[in-house]
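The lines below spell out each chain.
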Amino acid sequence: MRFGVLGALGVWSADGRTVAAGGPQLRALLAMLLLNVGQTVGVRRLVEGLYGPQTPSGAAHALQSQVSRLRRRLGAAGETGELLQYGPAGYRLLVDPDDVDVHRFERLAGEGRHVLAAGDHAGAARLLGEALGLWRGPALADVIDAPFAGEQAARLEELRIAVLEDLVEARLARGEHRDLAAELPESVAAHPLRERLRGQLMRALYGSGRKAEALQVFEEARRTLAEELGVDPSPELGGVHVAVLRAGSSPAEAAGGGVPAQFTSFVGRDGDLERVRALLGERRLVTLTGPGGVGKSRLAVEAAGRERDEVRFVDLAPLADGAAAPQALINALGLREAGLVPALSGPLDPAERLIAGLADRRVLLVLDNCEHVVAEVAALARRLLAACRDLRILVTSRERLGITGETLHPVPPLPLDDGGPEALDHPAVRLFADRAAAVRPGFLVDDANVDAVLRLCRALDGLPLAIELAAARMRSLTLEEVEARLDDRFRLLSRGDRSAVPRHRTLHSVVGWSWDLLSRPEQALAARLTVFSGGAPLHAAARVCGPSEGEVVELLADLVDKSLVEAGGGRYRMLETVREFCAERLTGDGDGDGDGDGDGERERLRAAHAAYFLESAQAAEPYLRGPDQLEWLARLDAERGNFHAALRWAAGADPVLGLRLLAALSWQGQLRGLPGERAAVAAGLLMTVGDEPPAGLEEEYTLCLAHAAAADNVHDRRLRDHLERLAGRRLRYPFLRVLRFMVNGPCHADGGVPADPWSRAFARLESGVRSLLVGERDTAEEAFRAALEGFRGTGDRWGVLTALEQLAGFADEPGFAALMAEAIDLAGRLGAVEDLTRLLVRNADGLADAGRLLAARAEYERAVEFARRAGTPETQAGAQRGLADVARLRGDLPAARELYDRALRGCGRASMGGALTRWRILIGLGRIAEAEQDAGQARLRYRQALAAARVYGDRPAAAASAEALAAVAAFNAAGR
């Protein structure tokens with residue numbers, strides 16, 4: 001028989017017939033026994049469960065009567081009376097727990113949770129879905145009025161929701177964002193206080209491309225929690241909010257991903273995978289070593305993909321030298337820089353920025369292809385691991401890092417035992433079969449051909465890349481033809497020593513064999529594609545490499561079929577081992593005919609590559625200030641590697657093109673915070689060009705100075721001078737107006753009325769700041785409103801959020817909240833991390849000013865976490881200053897002093913933001929001293945604040961400090 005309590009009580013016979021369970025009392029008795037199946041339930045407990053604590057007289061006798069009736073009903077259904085037993089301690093129902101839906105549910109839920117923790121998301125989804133499928137409605141629905149039922153039903157409903165949340169987690173990991181975005185609102189509405197469900201809905205919405213709705217879910221959660229419970233969202237839900245705000249490029253960021261998607265299945269490395277995962281659970285630095293093509297990168301990706309912690313994957317293969325390694329990590333971690341504001345923000349050591357972004361953050365950092373920068377990666381890894389206690393690093397390299405604490409896992413070729421009954425299960429054979437079936441549907445390895453496959457795999461030394469390349473030939477050759485060709489080519493290498501060097505030579509020869517099987521046009525295109533960094537879209541490949549787009553389409557399809565090129569997401573890219581080989585062919589001979597000038601061909605391609613990406617950047621630049629700026633930013637983000645490669649080449653070969661390309665990318669660099677990775681190129685361009693700009697390139701030269709000064713303040717004075725030279729001109733690059741405003745402050749209108757709507761809106765913004773600085777608040781507000789209207793007209797989110805922030809200072813409390821909420825949403829959409837963190841702090845300041853200290857504290861805490869994850873010490877210091885203000889206002893002076901001191905240590909750099917934060921910290925410390933009746937300390941702190949404000953000409957800050965000094969004077973005069 002089967003029994004159910006997850007819904008109305010149900011009993012079914014072995015043949016599936018429904019068995020009537022009797023009246024309410026009988027059903028309640030059976031339900032109690034089913035909930036405790038296999039266990040003895042005491043008479044008193046049964047009686048109280050049926051009648052309540054105040055049991056009527058004769059209740060025990062009534063229970064005996066109910067038990068007898070229940071025995072008869074179960075017996076009539078085909079069971080014997082032994083099913084329900086009576087003993088000295090009470091009654092016991094002898095039923096297999098798996099035949100009772102509630103116990104089956106709990107078993108499946110436990111197994112699903114265990115599988116989910118192990119990273120098997122498909123298995124977890126199956127088990128958890130099966131568990132939830134057992135529910136037919138509210139638990140104990142038809143006996144809910146029985147005294148025992150209410151508490152049990154609530155317990156089971158809590159379990160059901162927890163399992164639902166686990167199932168959602170598994171489905172999110174499998175990428176089912178769109179389905180969940182449609183399904184979850186109903187569950188959230190039914191359980192409005194479940195913060196995990198809210199967070200999962202946010203992640204599903206973001207993963208479906210609905211970021212604004214995801215942020216709205218958080219605001220609804222915050223309002224509901226405040227109204228219902230008087231509390232703020234938990235740190236966990238706040239963390240999801242921060243992640244969604246922070247994520248600007250991919251849903252994986254919001255969900256804590258970062259592992260690159262793979263185009264093929266993972267075959268033959270189960271033992272290695274288990275070993276690597278075990279090492280990652282015990283060690284903080286694990287290095288996978290082995291020759292090229294052995295499968296180190298794929299193993300690392302698979303291991304990282306099963307991690308529950310946040311994962312960040314960094315491919316170091318494109319780096320020209322190790323000095324660029326820290327910047328590559330900064331990019332992968334999404335740590336935004338301060339933009340092109342060199343004198344105001346000052347340079348920050350990249351390693352320190354990484355430490356700030358990784359401190360107290362549970363992250364697995366995967367550093368792939370490190371062999372050519374091993375010394376620099378070793379030094380950086382040592383420094384990061386020493387400073388960041390929750391950081392783990394997984395490295396792939398052909399040689400070890402050689403630092404203390406490193407654990408090695410050599411990745412061998414796939415094992416190749418002798419043939420026999422188990423030959424079909426050999427990893428190398430399975431890999432060949434899988435890849436061959438992908439190009440020749442229906443191909444199978446069976447007893448008739450397994451020996452040939454084994455011989456082929458042995459000839460390739462079990463190297464996965466070599467096996468995959470050979471399998472790709474099955475599209476046009478038979479297995480015998482593939483084996484014959486390999487036997488001819490590798491006869492010499494298949495004998496003698498099987499040391500590492502022959503394996504390298506064998507891999508090189510395997511790629512060479514694939515190369516030799518290409519047609520001459522295919523060889524030429526494969527060699528030319530190596531000019532791209534990080535792959536290329538079809539249009540770029542055709543423009544740079546091919547005679548015509550139509551011909552390139554056909555050739556690329558052939559190269560994909562032959563596994564020399566991978567296709568995905570509208571882009572074409574090469575495995576690094578293949579790319580290295582093809583690049584050698586380009587150096588020796590551009591078209592493979594043996595008589596070309598390889599060096600000349602490479603320079604021609606580099607020039608064509610740089611010209612194409614200059615044209616792309618110039619075409620995109622106007623759109624970065626309009627309604628389609630997010631789409632265009634995403635396009636530029638996808639070509640980040642290509643832009644950097646073009647800039648590096650131009651710095652030495654064509655500095656004029658380099659200046660133009662750097663200028664065209666400047667506004668993208670400001671919005672995305674990318675000056676660090678371009679600073680070295682900018683410095684190189686300045687050395688080539690000299691102290692004065694080429695004719696007609698004054699604006700481009702000034703923007704190059706800004707990039708160089710972002711990493712080295714030696715260029716600061718020259719930048720200021722060149723910005724002054726541009727006063728009175730109509731600028732071709734509107735961003736120069738922003739840069740001049742940030743560096744030299746607001747100026748009067750120059751060059752007449754700006755020609756374009758965006759520049760007119762920015763001129764109004766500058767006018768408003770000028771008016772505000774001289775105390776003309778009404779004029780300033782009018783100018784800011786005009787700027788907001790202008791920026792809305794252009795569709796520029798950055799301009800709108802900047803104007804909104806200024807207008808918030810003139811609004812009442814509800815208006816301030818609405819303006820700041822819109823500005824925060826826009827900053828999140830842009831991925832403007834420092835703007836976003838600053839706005840969060842500003843919003844919290846407004847809450848504190850309105851006396852909403854608990855809400856302000858929650859917002860400051862979110863800003864601290866956000867700034868920490870973004871690696872921005874100054875903004876983190878500003879948020880800590882806010883927490884200190886809240887503690888002081890609530891009377892907790894020791895906590896406030898500790899927070900002020902911690903914030904003061906984080907804003908020591910010479911920058912305007914740091915100075916303003918220091919000023920506010922010092923004012924707070926002065927007020928603590930006043931509260932403690934220490935006039936001398938208060939006077940010292942206020943004078944320090946006054947000095948900090950005057951250094952940067954911050955008139956409101958200086959005035960406030962002067963008022964504070966006057967307050968101390970009055971404090972002293974009163975004799976206190």
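Treat the numbers as computed from the prediction; the structure is a model and nothing was measured.

Let's talk about the pattern of salt bridges
A pair can form between side chains of opposite charge whenever their charged atoms are brought close. Tallied over the entire structure, the rule returns 54 salt bridges. The partner of E615 in a salt bridge is R543, and the shortest N-O contact between them spans 3.0 Å. Here R543 lies in helix α24 (residues 538–545) and E615 lies in helix α27 (residues 598–620), a separation of 72 residues in the sequence. Given a relative accessible area of 42%, E615 falls into the partly exposed group. Between E932 and R897 there is a salt bridge, and its shortest N-O distance comes to 2.6 Å. Note that E932 is positioned in the loop between α44 (912–931) and α45 (935–951) and R897 in helix α43 (residues 893–905), a separation of 35 residues in sequence. Overlapping salt bridges, with partners in common, bring together R113, E158, E165, D166, R194 and R196 in one network.

Some remarks on the nonpolar core
Of all hydrophobic cores here, the largest spans 213 residues; its most connected members are F148 and L529. Counting residues per element, this core draws most heavily on helix α6 (residues 149–173), which supplies ten residues. Beyond its immediate stretch of four places on either side in the chain, F148 contacts A28, A31, M32, L35, G49, L140 and V143. In terms of nonpolar packing, the next biggest core, distinct from the first, is built from 46 residues, V276, V311, A436 and L456 among them.

So, a nonpolar patch on the surface
A cluster of nonpolar residues, L193, L229 and V231, forms a patch on the protein surface that exposes about 240 Å² of accessible area. Structurally, V231 is set in the loop between α9 (211–229) and α10 (235–246).

Comments concerning the packing of helix α14 (residues 325–333) against helix α16 (residues 350–358)
As a packed pair, α14 and α16 sit with axes 9 Å apart at the nearest point and diverge in direction by 30 degrees. Classified by the interaxial angle, the pair formed by α14 and α16 is roughly parallel. Between α14 and α16 the crossing geometry is left-handed. Packed against α14, whose contacting residues are P326, L329, I330 and L333, the element α16 presents P350, R353, L354 and L358 at the interface.

Focus on the packing of helix α23 (residues 520–529) against helix α25 (residues 549–561)
Where α23 contacts α25, the axes come no closer than 10 Å and their chain directions differ by 85 degrees. Compared by their axis directions, α23 and α25 come out roughly perpendicular. Residue-level inspection shows P521, E522, L525, A526 and L529 of α23 in contact with α25, the latter providing V552, L555, L556, D558 and L559. For the contact of α23 with α25, the per-class residue count stands at eight nonpolar, no polar and two charged.

Structural notes on the environment of S65
Tracing the sequence through the fold places S65 in helix α3 (residues 59–76). For S65, a relative accessible area of 37% corresponds to the partly exposed category. For the pair S65 and L26, spaced 39 residues apart in sequence, the C-alpha separation works out to 9.8 Å.

Regarding the packing of aromatic side chains
What the rule picks out here adds up to 16 aromatic pairs. When the ring of F741 is compared with that of F762, the centres are 5.8 Å apart and the planes differ by 85 degrees; the resulting orientation is edge-to-face. Separated by 21 residues along the polypeptide, F741 in helix α35 (residues 735–744) and F762 in helix α36 (residues 757–773) bring together distant segments of the chain. Classification of F762 by relative accessible area gives buried; the value is 0%. Of the aromatic side chains, those joined through ring pairs into one cluster are W667, F735, F741, W758, F762, F791 and W798. Here the guanidinium or amino end of R625 rests over the ring plane of W758, the centre of that ring lying 5.6 Å away.

Overview of the side chain of Q200
With respect to the element layout, Q200 can be found in helix α8 (residues 195–207). Here Q200 is in contact with E165, V168, E169, L172 and L184, once residues within four sequence places are set aside.

A few points about the confidence of the model for the protein chain
When the pLDDT values of the protein chain are averaged, the result is 82; 86% of them are 70 or greater. Confidence, expressed as mean pLDDT per element, reaches its minimum in the protein chain at helix α11 (residues 251–254) with 34 and its maximum at helix α30 (residues 655–664) with 95. For residues 341–345, every residue scores under 50 in pLDDT, and the model assigns this stretch 20 contacts once sequence neighbours within four places are set aside.

Looking at the layout of surface pockets
The calculated volume of the second largest pocket comes to roughly 680 Å³. The wall of the second largest pocket is formed by 26 residues, among which E219, R222, R223, N843 and R852 lie closest to the centre. Considering each element in turn, the lining of the second largest pocket owes the most residues, eight residues, to α9. Tallied by class, the residues present in the lining of the second largest pocket amount to 13 nonpolar, four polar and nine charged.

Notes on the pairing of strand β4 (residues 84–87)
Note: β4 against strand β5 (residues 90–93), four bridges, orientation antiparallel. Each residue of the ladder has a partner; that of L84, found in β5, is L93. Here β4 folds back onto β5, and the loop between the two strands holds two residues.

Conventions we followed
- Residues numbered from 1 in each chain as written.
- Predicted model: local features only at pLDDT ≥ 70, side-chain atom pairs only at ≥ 80, totals over all residues.
- Heavy atoms only, no water.
- Salt bridge = Lys/Arg side-chain N within 4 Å of Asp/Glu carboxyl O.
- Helix = DSSP H or I, 4+ residues; strand = E, 2+ residues; numbered from the N terminus.
- Buried < 20%, exposed > 50% of the residue type's maximum accessible area, 1.4 Å probe, protein only.
- Core = buried A, V, L, I, M, F, W, Y, C linked by side-chain atoms within 4.5 Å.
- Contact = heavy atoms within 4.5 Å.
- Patch = residues over 30% accessible without salt bridge, like charges linked within 9 Å, V, L, I, M, F, W, Y side chains within 5 Å.
- Areas by Shrake-Rupley, 256 points an atom, 1.4 Å probe, with all protein chains shown as cover.
- Axes fitted to C-alpha atoms, helices over the stretch in contact; angles between N-to-C directions.
- Parallel < 35°, antiparallel > 145°, perpendicular 65-115°, else oblique.
- Left-handed = near helix turned anticlockwise from the far one by under 90°.
- Nonpolar A, V, L, I, M, F, W, Y, C, P; charged D, E, K, R; others polar.
- Phe/Tyr/Trp six-rings, centres within 6.5 Å; stacked < 30°, edge-to-face > 60°.
- Lys NZ or Arg CZ within 6 Å of the ring centre and 35° of its normal.
- pLDDT = per-residue confidence, 0-100.
- 1 Å grid on protein atoms, 1.4 Å probe; cavity = no way out; pocket = protein on both sides within 12 Å on 5 of 7 lines; lining within 4 Å.
- Points joined across faces, edges and corners; volume = space filled by probe spheres on them.
- Pairing = 2+ DSSP bridges.

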